[in-house]
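Results of the structural survey
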Amino acid sequence: MNADISVEHPFIRVPYECILQTFRVGKKTVEKEISSLYTQLNGLKTKKGISKDQLLNTLDGYLRKIEALKIKLNEYRDEELKLYAKLNKRLTHLKKVESSATAEKSNQINYHRIRLDRIIVDYLLRQGFYECATQLVDESNIEDFVDIDIFLTANKIVLSLEARSCTEALAWCATNKSKLTKNKSNLEFKLRIQEFLELVKQNMYQEAIGYAKKYFPIYSEEHLHEIQEAMLMLAIGKTSLDKAQTMMSDDRWNDLIELFKFENFQLYSFTAEPMMNIILQSGLAVMKTQLCEDTDMHLDECPICSTDEFQKIIEDLPYAHNQHSSLVCHISGEIMDEHNPPNMLPNGYAYSERALLEMAGKDDGNITCPQTGEVYKVKELRKVYIC
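Under the criterion given, the structure shown has 17 salt bridges. Each member of the salt-bridge network shares a partner with another, and the members are Glu-8, Arg-115 and Arg-118.

With that out of the way, let us pick up the side chain of Glu-188. The topology assignment puts Glu-188 in helix α9 (residues 187-201). Within the structure, Glu-188 has its side chain in polar contact with the side chain of Lys-177 (distance 3.3 Å). When near neighbours in sequence (up to four residues on either side) are disregarded, Glu-188 contacts Leu-170, Cys-173, Lys-177 and Tyr-219.

Along the chain, Ile-157 falls in helix α6 (residues 148-162). Put simply, Ile-157 and Thr-167 are 10 residues apart on the chain and 8.8 Å apart in space, counted from C-alpha to C-alpha. Sequence-distant contacts of Ile-157, defined by excluding residues within four places in its chain, comprise Glu-168, Ala-169, Trp-172 and Phe-260.

Within helix α10 (residues 205-215), the full set of buried residues consists of Ala-208, Tyr-211 and Ala-212. The buried side chains of α10 occupy one side of the element, clustering within an arc of 100° when seen end-on. Those residues of α10 that are exposed and angled more than 90 degrees off the buried face are Gln-206, Lys-213 and Lys-214. Among the structural elements, α9 and α11 (220-236) are those in contact with the buried residues of α10.

Further remarks concern the nonpolar core. Of all hydrophobic cores here, the largest spans 43 residues; its most connected members are Val-121, Leu-161, Trp-172, Leu-191 and Phe-260. At the level of secondary structure, the elements contributing two or more residues to this core comprise α2 (9-46), α3 (52-95), α4 (105-126), α5 (130-140), α6, α7 (167-175), α9 and α13 (251-267). Apart from residues no more than four positions distant in its own chain, Phe-260 is found in contact with Ala-154, Ile-157, Val-158, Leu-161, Trp-172 and Leu-187. By size, the runner-up hydrophobic cluster in this structure holds 17 residues, among which are Leu-197, Ala-208, Met-233 and Ala-244.

Turning our attention to the state of the cysteines. This model, assessed by the stated rule, comprises zero disulfides. A disulfide-free cysteine, Cys-18 has its sulfur positioned 17 Å from the sulfur of Cys-173, the nearest such atom. The exposure class of Cys-18 is buried, given its relative accessible area of 9%. Cys-329 carries a free sulfur, and the closest cysteine sulfur to it, the one in Cys-369, is 11 Å from it. On the accessibility criterion, Cys-329 (0% relative accessible area) is buried.

Attention now moves to the sheet that holds strand β4 (residues 350-352). Backbone hydrogen bonds are what pair the strands of a sheet, in a parallel or an antiparallel way. A sheet is described by the order of its strands in space; here three strands give the open sequence β4-β3-β7, paired in antiparallel fashion. What marks the edges here is a single partner per strand, and that holds for β4 and β7 (382-383). Contacts from helix α17 (residues 353-362) reach β3 (342-344), β4 and β7 within the one sheet, and its direction differs from that of β4 by about 85°.

What follows deals with a nonpolar patch on the surface. Residues Ile-34, Tyr-38, Leu-41, Leu-55, Leu-56 and Leu-59 make up a contiguous nonpolar surface patch of about 490 Å² in total accessible area. Put simply, the parts of the chain that give the nonpolar patch at least two residues each are α2 and α3. Its location among the elements puts Leu-56 in helix α3. Classification of Leu-56 by relative accessible area gives partly exposed; the value is 43%.

Next up on the list: the packing of α5 against α6. For the pair α5 and α6, interaxial distance at closest approach is 11 Å and the crossing angle is 165°. Between α5 and α6, the crossing angle belongs to the class labelled roughly antiparallel. As for the relative orientation of α5 and α6, their crossing is left-handed in sense. Contacts between α5 and α6 involve Tyr-130, Ala-133 and Thr-134 from the first element and Ile-148, Phe-151, Leu-152 and Asn-155 from the second. Residues of the contact of α5 with α6, tallied by class, amount to five nonpolar, two polar and no charged.

Next up on the list: the packing of α9 against α13. Axes are the key here: two packed helices are described by the angle between their axes and the distance separating the axes. It is at 10 Å that the axes of α9 and α13 come closest, and there the two elements cross at 160°. Between α9 and α13, the interaxial angle falls into the category roughly antiparallel. The two elements α9 and α13 cross, and the hand of that crossing is left-handed. Counted together, Leu-187, Lys-190, Leu-191, Ile-193, Gln-194, Leu-197 and Glu-198 of α9 and Arg-252, Trp-253, Leu-256, Leu-259, Phe-260 and Glu-263 of α13 form the full contact between these two elements.

As a further point, take α4. Compared with an ideal rise of 1.5 Å per residue, which puts 22 residues at 32 Å, α4 spans 32 Å between its outermost C-alpha atoms and is within 8% of the ideal. Restricting attention to buried positions, one finds in α4 the residues Tyr-111, Ile-114, Arg-115, Asp-117, Arg-118, Ile-119, Val-121, Asp-122, Leu-124, Leu-125 and Arg-126. Where α4 ends, the next residue or the one after it, Gly-128, has phi of about 90°, a positive value.

Excluding glycine, most residues fall at negative phi; most peptide bonds, likewise, are trans. Unusually for a residue other than glycine, Asn-203 sits at a positive phi of about 60°. Along the polypeptide, Asn-203 turns up in the loop between α9 and α10. Residue Asn-203 is classed as exposed on the basis of its relative accessible area, which comes to 53%. The residue Asp-364 is not glycine, and still its phi comes out positive at about 50°. Inspection of the secondary structure assignment puts Asp-364 in the loop between α17 and β5 (366-368). On the basis of relative accessible area, Asp-364 is assigned to the exposed category, the value being 72%.

Scoring rules and cut-offs
Residues numbered from 1 in each chain as written. Predicted model: local features only at pLDDT ≥ 70, side-chain atom pairs only at ≥ 80, totals over all residues. Heavy atoms only, no water. Salt bridge = Lys/Arg side-chain N within 4 Å of Asp/Glu carboxyl O. Helix = DSSP H or I, 4+ residues; strand = E, 2+ residues; numbered from the N terminus. Polar contact = N/O pair within 3.5 Å; in protein donor to acceptor, adjacent residues only side chain to side chain. Contact = heavy atoms within 4.5 Å. Buried < 20%, exposed > 50% of the residue type's maximum accessible area, 1.4 Å probe, protein only. Arc of directions from axis to C-beta. Core = buried A, V, L, I, M, F, W, Y, C linked by side-chain atoms within 4.5 Å. Disulfide = S-S within 2.5 Å. Pairing = 2+ DSSP bridges. Axes fitted to C-alpha atoms, helices over the stretch in contact; angles between N-to-C directions. Patch = residues over 30% accessible without salt bridge, like charges linked within 9 Å, V, L, I, M, F, W, Y side chains within 5 Å. Areas by Shrake-Rupley, 256 points an atom, 1.4 Å probe, with all protein chains shown as cover. Parallel < 35°, antiparallel > 145°, perpendicular 65-115°, else oblique. Left-handed = near helix turned anticlockwise from the far one by under 90°. Nonpolar A, V, L, I, M, F, W, Y, C, P; charged D, E, K, R; others polar. Expected span 1.5 Å × (residues − 1).

Geometric values such as these leave the question of function open.
Below is the structure:
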């Protein structure tokens, strides 16, 4: 159980990051509005020839702005309270099963049921099956244990990028600018380059030059070479040159979508891989052996051998380190030990005694080797002793 909790870092970290994000947005809003009010009030002090009615109308306008700011702050507060409640529920959920020795069986069963539903929802959301994920969340009543709203928000930005628009993605970058800067993200720069290239594609050269003057200088120190490559498109445009083909390719939009997904996961401390893959890899890693790659030695009882999807998952996993080897019968898939010892046929192949005797009982005492097809009698078997 403790091993299960050790991989639940995103489960706690995500709502915590959401709280920080809400706080940052609220803080930025307050600072901006207060600064604006101070500037206007200072300007009012030095303004001459203003009548009493004009002064009152101006002050009424300031009061309305303050009331609007108060409403915004209340919205931020309510959002933070919801996130705190969600975080508290998740912590309470984990504490119930913190130790398998003290946790009640009913709590363990409930924990594993909710955990399985969470893992499935996470996988569905990452694959784009939002309706299925939402339905499972509603049926399982696990709204506070999943972060479906983050994926739905991200999906809107992905759809806008697929529609060849950077507007929503740039707005997302502006909202999360401080955290993206801390993560050394270059997403905003890539989006600016893409908007510039789209202007060039439409032969809007003057607009492209104006856009470059406005946005590129702040990136020139770190990304000068990429800026120069983009500016080169003003000269060569849509040509058959490899560089032009690469810079003007629509495949760049797919790269932007993947980069946005990566930055979004990193921003909220999601794992890069679905949690389902991580847990499957952890389990399959202890079962992977050299025989798993030998199609002639596959066993139907082995999860790795019998499932093509698992074969893809284990491709990059190391082999399991087993200090004590076990002999497995190729016929029955059972372990061969002192209770079910290995027996060798005259052709040198060995199988479990139980499987061979069962085969002989079904075929008038005949044993057919599954590897070669040769037929032998029970009396020809020889026990194998392993030191």
